[in-house]
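Survey of secondary and tertiary structure
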Amino acid sequence: MHQDCVFCKIIAREIPATIIEETDQLIVIQDLNPKAKIHYLIIPKKHIIDIQSFEKADCCIGSKMFFMAQALSQKIAEQLGSGDFRFQINSGIKAGQRVFHLHAHILAGSIQSEF
Ligand code: AMP
């Protein structure tokens, strides 16, 4: 838990969020400022800053993020009729990362083109 991290605060229930799924290692929330019809964030509970600081011991978290995306695809298909989605990780400030706790964007349906 990092004191100044918004996602750590969501995981600790110190600030509210719309929670879509939760496991022992991951939480999935709705993005506060959606850039598509469906915009979820898959967030590891462990405070990993970005992919650059990902360690070998974190490999299980990475694969669990992929499998979570696969599970969300079914939910997306129920809502939009297609389970296709974009999986995007902004890793580092120059790549557009604004929250420095690793997260994958899941975007589906009318994705804003500049995103
Ligand atoms: P990034 O630019 O890749 O770091 O993405 C950060 C994302 O977190 C943005 O899409 C924000 O809209 C989203 N975000 C920031 N604060 C919150 C929050 N409290 N609840 C849900 N999403 C948030």
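What this report covers is the structure whose coordinates are included nearby.

The environment of the ligand is made up of 17 residues, and the closest members are Asp31, Asn90, Arg98, Val99 and His105. A distance of 3.3 Å separates an oxygen atom of the ligand from a polar side-chain atom of Lys35. Here the ligand, which alone exposes 510 Å², has 86% of that area covered by the protein. Here the ligand is seated within the largest pocket. At the level of elements, helix H1 (6-11) and strand S2 (26-30) are the ones that each hand at least two residues to the shell around the ligand. Considering every element that reaches the shell around the ligand, the biggest residue donor is H1, with three residues.

A contiguous nonpolar patch, built from Ile49, Ile93 and Phe100 and spanning about 270 Å² of accessible area, is present on the exposed surface. Locating Ile93 in the fold gives a position in the loop between strand S4 (86-88) and strand S5 (104-108). Residue Ile93 is classed as exposed on the basis of its relative accessible area of 57%.

Moving on, we get to helix H2 (residues 59-80). Here H2 contains 22 residues, and its C-alpha end-to-end distance of 31 Å stays within 8% of the 32 Å for a straight helix at 1.5 Å per residue. Residues of H2 that are buried make contact with strand S1 (19-22), S2, strand S3 (38-44), S4 and S5. The positive-phi residue at the C-terminal boundary of H2 is Gly81, with phi of around 85°.

What counts as what
- What you see as residue numbers is a count from 1 along each chain, following the sequence as written.
- Two thresholds apply to this predicted model, a pLDDT of at least 70 for residue-level local features and 80 or more for giving and counting side-chain atom pairs, whereas whole-chain, interface and lining totals are computed over all residues.
- Hydrogen atoms and water are omitted, and side-chain values are computed over all heavy atoms in the structure.
- We call a residue near a molecule or strand whenever a single non-hydrogen atom of that residue lies within 4 Å of it.
- We define a polar contact as two N or O atoms separated by no more than 3.5 Å, with the added condition that, inside protein, one atom must be a possible hydrogen donor and the other a possible acceptor, whereas residues neighbouring each other in sequence contribute only through side-chain atom pairs.
- Calculation of accessible area relied on Shrake-Rupley with a 1.4 Å probe; when residues are assessed, cover is drawn exclusively from the protein chains displayed.
- Put plainly, a pocket is an open set of points on a 1 Å grid over the protein atoms alone with protein on both sides within 12 Å along at least five of seven lines, a cavity is a set where a 1.4 Å probe fits but cannot get out, and a lining residue has an atom within 4 Å of a point.
- A molecule is said to be in a cavity or pocket once over half of its atoms fall within 2 Å of that pocket's grid points.
- Numbering of helices and strands starts at the N terminus; helices are DSSP runs of H or I of at least 4 residues and strands are runs of E of at least 2.
- Patch construction takes residues with relative accessible area above 30% that form no salt bridge. Like charges are linked within 9 Å, and nonpolar side chains (Val, Leu, Ile, Met, Phe, Trp, Tyr) are linked within 5 Å.
- A pair is scored as a salt bridge if a Lys or Arg side-chain nitrogen falls within 4 Å of a carboxyl oxygen belonging to Asp or Glu.
- Relative accessibility decides the category of a residue: with a 1.4 Å probe and only protein chains considered, values under 20% of the type maximum give buried, values over 50% give exposed, and everything between is partly exposed.
- Multiply 1.5 Å by the residue count of a helix minus one, and that product is the helix's expected span.
- In this analysis, two residues are considered to be in contact whenever any of their non-hydrogen atoms come within 4.5 Å of each other.

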